[in-house]
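# Notes for the structure review
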Amino acid sequence: MPDYFVHESSYVDEGARIGRGSKIWHFCHVMPGAVIGERCNLGQNVVVMPGTRLGNNVKVQNNVSIYEGVELEDDVFCGPSCVFTNVLTPRSHVSRKHAYQRTLVRRGATIGANATIVCGVTLGEYCFIGAGAVVTADVPGYALMVGVPARRVGWMCQCGERLSLSVGASSCPACGSAYEESSGALRPVARPGVAR
């Protein structure tokens, strides 16, 4: 018996690897060579293509296709109907499999419903891509991105709350985590006696 769950309406092809405790719900297709970590949750109508890798505790909501060249690190959240691409100049009559671009979504990132991630970018750790945003360039860690094309409008805490910076520093009102902003980047500040 496998140590993961696959709904009877879904297909997991031979050669796919699925980690312990993962759940694959209705009408999904996991293709050969796909790697899904432990405790992942794939909602209805999710396709995971060959050559993709999902870390541990990744949550993929309904109607998402994860194409070859996309890697999702641990704790990534993909909102309903968000879109990944893997070719910059697709044509139906021209094969571009040699031109797949890598997309890396770092640990803890959130991608909102109906957001589009244009291939070849890296989304930084714990960034937050707003619903409907179109990401065309790399995103710094902890950035809050909205719009078309997406632009940074603020910073997000690791716990998912929006931060309010004062003189380049902030403390999360929800969890108390401290951050410093410098040169367009945000980084957590280790506090004595508090494990990060």
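The written sequence of each chain sets the order in which its residues are numbered from 1. The predicted nature of this model means local features are confined to residues of pLDDT at least 70 and side-chain atom pairs, given and counted, to a pLDDT of 80 or more, with totals for whole chains, interfaces and linings taken over all residues. Just so you know, side-chain values use all the structure's heavy atoms and leave hydrogens and water out.

### Side note on the overall build of the protein
Each helix is a run of H or I in the DSSP string that is no shorter than four residues. Each strand is a run of E no shorter than two, and both are numbered from the N terminus. In terms of helices and strands, the protein carries zero helices and 26 strands. Its C-alpha atoms give the protein a radius of gyration of 18 Å, within 12% of the compact-globule value 16 Å for 196 residues. Across its three principal axes, the protein shows a C-alpha extent of roughly 55 × 45 × 25 Å. Think of it in three bands: with a 1.4 Å probe and only protein chains considered, a residue is buried below 20% of the maximum accessible area for its type, exposed above 50%, and partly exposed in between. Burial status across the protein gives 38% buried among its 196 residues. When checking whether two residues touch, look at their non-hydrogen atoms; a contact exists if any pair is within 4.5 Å. Contacts in the protein between residues at least 24 apart in sequence constitute 15% of all its contacts with a sequence separation of at least 6. Counting rule for charge: Lys and Arg are taken as positive, Asp and Glu as negative, and neither His nor the chain ends is counted. Charge positions are represented by NZ for Lys, CZ for Arg, CG for Asp and CD for Glu. Across the protein, 18 positive and 15 negative side-chain charges occur, with their mean positions spaced 5 Å apart. The globule rule used for comparison is 2.2 Å times the number of residues to the exponent 0.38, while the radius of gyration itself is calculated over C-alpha atoms.

### A short note on the sheet that holds strand β26 (residues 185–189)
The strand order across the open sheet formed by three strands is β24-β25-β26, and the pairing between neighbours is antiparallel. This sheet does not close on itself; its edge strands, each paired only once, are β24 (169–171) and β26. Each strand of the sheet is rotated relative to its neighbour by a mean of 25°, with strand direction disregarded. Inspection of the sheet shows strand β25 (residues 178–182) paired to β26 by five bridges, in the antiparallel sense. The residue bridging Ala 178 from the neighbouring strand is Val 189, located in β26. We call two strands paired when DSSP finds no fewer than two bridges between them. Working convention: axes come from line fits to C-alpha atoms, limited for helices to the stretch in contact. Angles between N-to-C directions cover 0 to 180 degrees.

### Regarding unusual backbone geometry
Here the residue pair Val 148 and Pro 149 is connected by a cis peptide bond, since its omega of -10° sits within 30 degrees of zero. Tracing the backbone through its elements, the reader meets Pro 149 in the loop between β21 (143–146) and β22 (151–156). Located in the positive-phi region is Asn 45, a residue other than glycine, with phi close to 65°. Within the secondary structure, Asn 45 is located in the loop between β7 (41–42) and β8 (47–48). For Asn 63, which is not a glycine, the phi torsion comes out positive at approximately 65°. Its place among the elements puts Asn 63 in the loop between β10 (59–60) and β11 (65–66). On the accessibility criterion, Asn 63 (39% relative accessible area) is partly exposed.

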